[in-house]
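# Examining the three-dimensional arrangement
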Amino acid sequence: MPPLRSRAGSAGSPGSAGSPGSAGSPGSAGSPGSAGSAGSAGFVRPARAGDAASLAQVQVASWRCGFAGIVPAPLLAELTGDEAEQAFRDRWREAITNPPTSRHRVLAAVTGDPAREVAGFVSAGPATDADRWPGTDGEVYELRISPERTGQGHGSRLLHAVADTLVSDGFHTVSLWALEADTALRRFLESSGWAADGARAELDVGTTVPVVRLHTAISE
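Let us look at the structure shown here.

Calculation notes
- Residues numbered from 1 in each chain as written.
- Predicted model: local features only at pLDDT ≥ 70, side-chain atom pairs only at ≥ 80, totals over all residues.
- Heavy atoms only, no water.
- Helix = DSSP H or I, 4+ residues; strand = E, 2+ residues; numbered from the N terminus.
- Buried < 20%, exposed > 50% of the residue type's maximum accessible area, 1.4 Å probe, protein only.
- Areas by Shrake-Rupley, 256 points an atom, 1.4 Å probe, with all protein chains shown as cover.
- Pairing = 2+ DSSP bridges.
- Right-handed = clockwise from strand over helix to strand, strands pointing away.
- Salt bridge = Lys/Arg side-chain N within 4 Å of Asp/Glu carboxyl O.
- Expected span 1.5 Å × (residues − 1).
- Phe/Tyr/Trp six-rings, centres within 6.5 Å; stacked < 30°, edge-to-face > 60°.
- Arc of directions from axis to C-beta.
- Contact = heavy atoms within 4.5 Å.

### Some words on the overall build of the protein chain
A count of helical and extended segments in the protein chain gives 5 helices and 9 strands. Tracing the protein chain from N to C terminus, the helices and strands come up as β-β-β-α-α-α-β-β-β-α-β-α-β-β. Looking at the protein chain residue by residue over its 220 residues, the buried ones come to 51%. Carbon and sulfur atoms make up 51% of the accessible area of the protein chain, which amounts to about 9,000 Å² in all.

In C-alpha cells, the structure reads:
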C-alpha cells in the first residue's frame, strides 16, 4: 500500500507520505518466519481482503499507543476514532485487492493459536523518496503490531518476510521512516542490521511529528 499520510519534507526527504512507525516495538522474541511459513507462535502470509478490518483495528490500536503523549489527546481521538478506522479499512481493502503495482505488498502476521488472529502487518513496495530509485530501492510503508501482541515474535517474522518478498521483487535496499521518539522501534531495527541514514522529516498528522529514516541492504 502506498504511504497513508503526508510527510513535510526536510533535507534528505521529500514531501511524500510516510509511516510513523509501530507502537512500542515489534515483538522480537521467537524465531523469524517467512511469508507463508507456519509455527506454533505464529506465521506470516499475504494479506487477504477479509483481513482489512483486522488491519485497520491493529493500525488504530498502534496509533493510540504510539502517538500518546506526542500529539494532543483530542487530535489523537480523531485520528483513531470510528470514522478513521472505517477509512483505514477501506484503504487496506483497496491496497490488498487493487495494489498500484505487482510490487506493492501487504503481509499479515497471524497468531499460531487456533483463532488465527491477525496480530500485525507490514506493507511495502517501491521507495517513494526522491533520493531513492524505485527500481531497486524498496520501502516499508507500514510496520504495525497490535500492542497486546508485542514481544511474541511477530515483528521479527514480519521483518524477515518482507525482506524476502522485496528481494524476490528485485529490490536491493529497503528504508523505513520511524518516529524519532519511538526508540523501541529504532532499537529493534538496529538490532536487525538497520541504521539511520541521516534523513529527517516531519510527519503531518494535524500537527508535525519528527521522523527519521532507517535503511538496510537486503541483497547484493
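### As for the pairing of strand S7 (residues 173-179)
The element S7 is extensively covered by neighbouring structure, given that 6 of its 7 residues are classed as buried. Examined bridge by bridge, strand S6 (residues 137-145) and S7 share 4 bridges and lie parallel to one another. Paired with Gly138 across the bridge in S7 is Val174. In terms of handedness, the path from S6 via helix H4 (residues 154-168) over to S7 forms a crossover that is right-handed.

### Quick look at the pattern of salt bridges
What the rule picks out here adds up to 12 salt bridges. Its salt-bridge partner being Glu117, residue Arg149 comes within 2.7 Å of it at the nearest N-O pair. Of this pair, Arg149 sits in the loop between S6 and H4 while Glu117 is found in the loop between strand S4 (105-111) and strand S5 (118-126), placing the two residues 32 residues apart along the sequence. With a relative accessible area of 38%, Glu117 lands in the partly exposed category. For Asp131, the salt bridge goes to Arg132, with nearest N and O atoms at 3.8 Å. Residues participating in the shared-partner salt-bridge network are Asp129, Asp131, Arg132, Asp197 and Arg213.

### Let's talk about helix H1 (residues 52-66)
With 15 residues, H1 extends 21 Å between its outermost C-alpha atoms, agreeing within 8% with the 21 Å of an ideal straight helix rising 1.5 Å per residue. Along H1, the positions that sit buried rather than exposed are Ala52, Leu55, Ala56, Val58, Gln59, Val60, Ser62, Trp63 and Gly66.

### Looking at the packing of aromatic side chains
Applying the stated rule across the entire model yields 3 aromatic pairs. When the ring of Trp63 is compared with that of Phe67, the centres are 5.2 Å apart and the planes differ by 80°; the resulting orientation is edge-to-face. Both rings, one in Trp63 and one in Phe88, keep their centres 5.3 Å apart while their planes meet at 75°; by these two values the pair is edge-to-face. Note that Trp63 is positioned in helix H1 and Phe88 in helix H3 (residues 82-97), a separation of 25 residues in sequence. As far as the burial class goes, Trp63 and Phe88 line up, both buried. Of the aromatic side chains, those joined through ring pairs into one cluster are Trp63, Phe67 and Phe88.

### Examining H3
Every α-helix carries 3.6 residues per turn, so stepping three or four residues along brings you back to the same face. With 16 residues, H3 should cover 22 Å at 1.5 Å per step; its first-to-last C-alpha distance of 23 Å lies within 8% of that length. For H3, every residue scored as buried is listed here: Ala84, Glu85, Phe88, Arg89, Trp92, Ala95 and Ile96. In an axial view of H3, the angular spread of the buried residues amounts to 140°, which keeps them on one side of the axis. Residues of H3 that are exposed and angled more than 90 degrees away from the buried face: Glu83 and Thr97. Structurally, H3 contributes buried residues whose contacts are with H1, helix H2 (73-79), S4, S5 and S6.

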